[in-house]
Amino acid sequence: MIAIGCDHGGYALKQEVMRHLDELGLAYKDFGTYSEESCDYPVYAKGVCGKVLADAGNATPGDEPASFGILVCGTGIGMSMTANHIPGIRAALCGCEFQARATRQHNNANVLCLGERVTGQGVALDIAELFLNTAFEGGRHLRRINQIEG
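**Quick notes on the sheet that holds strand β4 (residues 91-93)**
Stage number 1. Taken together, the 5 strands give an open sheet; going across it, the order is β2-β1-β3-β5-β4, and neighbouring strands pair in parallel fashion. Both outer strands of the open sheet, β2 (28-30) and β4, are each paired with one neighbouring strand and no more. Going across the sheet, the axis of each strand differs from the next one's by a mean of 20 degrees, ignoring polarity.
Stage number 2. Pairing analysis gives 3 bridges linking strand β1 (residues 2-6) to β2, with the strands arranged parallel. Each residue of the ladder has a partner; that of alanine 3, found in β2, is lysine 29.
Stage number 3. Seen against the sheet, helix α1 (residues 11-24) touches β1, β2, β3 (68-73) and β5 (111-115) and runs at an angle of roughly 160 degrees to β1.

Structure below.
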């Protein structure tokens, strides 16, 4: 399950990401916003992250996430700042495929943040697909993740 949300600045890219998820046959739940009308990004970040945490249940930081979140705003910064204030969320703002791969392999990120105004649509779709399909490597990386909230 993928929880997805945006503010007004990320609405168009969120629509494209959802179309891409449909093409890939991946299930998702849209947590809004549902238009380009000005809104407050923390509301949508908290909704998506709440779903990711609810699905995580009793999983430890080394387990594969039961669900992922994708958050989109104009730059991705506001969404990532909000998401990373929520214990249990490891959100990564990614602007290239290398970042998407590395943050899953090394950080076991469970939320991807994208910036509609700074990342081209094609690149963003590739980033999202790579993020969702890359496994966490565990090992020494788990020790470091455990220190984030420990």
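**Re a nonpolar patch on the surface**
Stage number 1. The grouping of Ile77, Met81 and Leu93 at the surface amounts to a nonpolar patch, some 270 Å² of accessible area in total.
Stage number 2. As for its placement among the helices and strands, isoleucine 77 is situated in helix α3 (residues 77-83).

**Some remarks on the pairing of β5**
Stage number 1. Summarising burial for β5: 5 of the 5 residues are buried, a large majority.
Stage number 2. Going residue by residue along β5, you find Val111, Cys113 and Gly115 tucked away on one face and Leu112 and Leu114 tucked away on the opposite face as well.
Stage number 3. By the bridge criterion, 5 bridges tie β3 to β5 in an arrangement that is parallel. Each residue of the ladder has a partner; that of leucine 71, found in β5, is cysteine 113.
Stage number 4. The pairing of β4 with β5 spans 3 bridges and is parallel.

**Things to note about the pattern of salt bridges**
For side chains of opposite charge, pairing can occur when their charged atoms come near one another.
Stage number 1. Evaluation of the coordinates by the stated rule reveals 3 salt bridges.
Stage number 2. Among the ionic pairs, aspartate 30 bridges to lysine 14, the shortest N-O distance being 2.8 Å. Here lysine 14 lies in helix α1 and aspartate 30 lies in strand β2, a separation of 16 residues in the sequence.
Stage number 3. Take lysine 14: its relative accessible area is 0%, and that puts it in the buried class.
Stage number 4. The shortest N-O distance in the salt bridge between aspartate 55 and lysine 51 comes to 3.1 Å. With a gap of 4 residues between them, aspartate 55 and lysine 51 both fall in helix α2 (residues 41-56), about one helical turn apart.

**Considerations on the packing of aromatic side chains**
Stage number 1. For the coordinates displayed, the defined rule picks out 1 aromatic pair.
Stage number 2. Here the aromatic rings of phenylalanine 68 and phenylalanine 131 are separated by 5.5 Å at their centres, their planes lie at 70 degrees, and the arrangement is edge-to-face. With phenylalanine 68 in strand β3 and phenylalanine 131 in helix α5 (residues 121-133), this pair connects stretches of sequence that are 63 residues apart. Each member of the pair, phenylalanine 68 as well as phenylalanine 131, carries the same accessibility label: buried.
Stage number 3. If you follow arginine 104 out to its NZ or CZ, it ends over the ring of phenylalanine 131, 5.9 Å from the centre.

Rules behind the numbers
- Residues numbered from 1 in each chain as written.
- Predicted model: local features only at pLDDT ≥ 70, side-chain atom pairs only at ≥ 80, totals over all residues.
- Heavy atoms only, no water.
- Pairing = 2+ DSSP bridges.
- Helix = DSSP H or I, 4+ residues; strand = E, 2+ residues; numbered from the N terminus.
- Axes fitted to C-alpha atoms, helices over the stretch in contact; angles between N-to-C directions.
- Contact = heavy atoms within 4.5 Å.
- Patch = residues over 30% accessible without salt bridge, like charges linked within 9 Å, V, L, I, M, F, W, Y side chains within 5 Å.
- Areas by Shrake-Rupley, 256 points an atom, 1.4 Å probe, with all protein chains shown as cover.
- Salt bridge = Lys/Arg side-chain N within 4 Å of Asp/Glu carboxyl O.
- Buried < 20%, exposed > 50% of the residue type's maximum accessible area, 1.4 Å probe, protein only.
- Phe/Tyr/Trp six-rings, centres within 6.5 Å; stacked < 30°, edge-to-face > 60°.
- Lys NZ or Arg CZ within 6 Å of the ring centre and 35° of its normal.

Everything listed here is a matter of geometry and, on its own, says nothing about what the molecule does.
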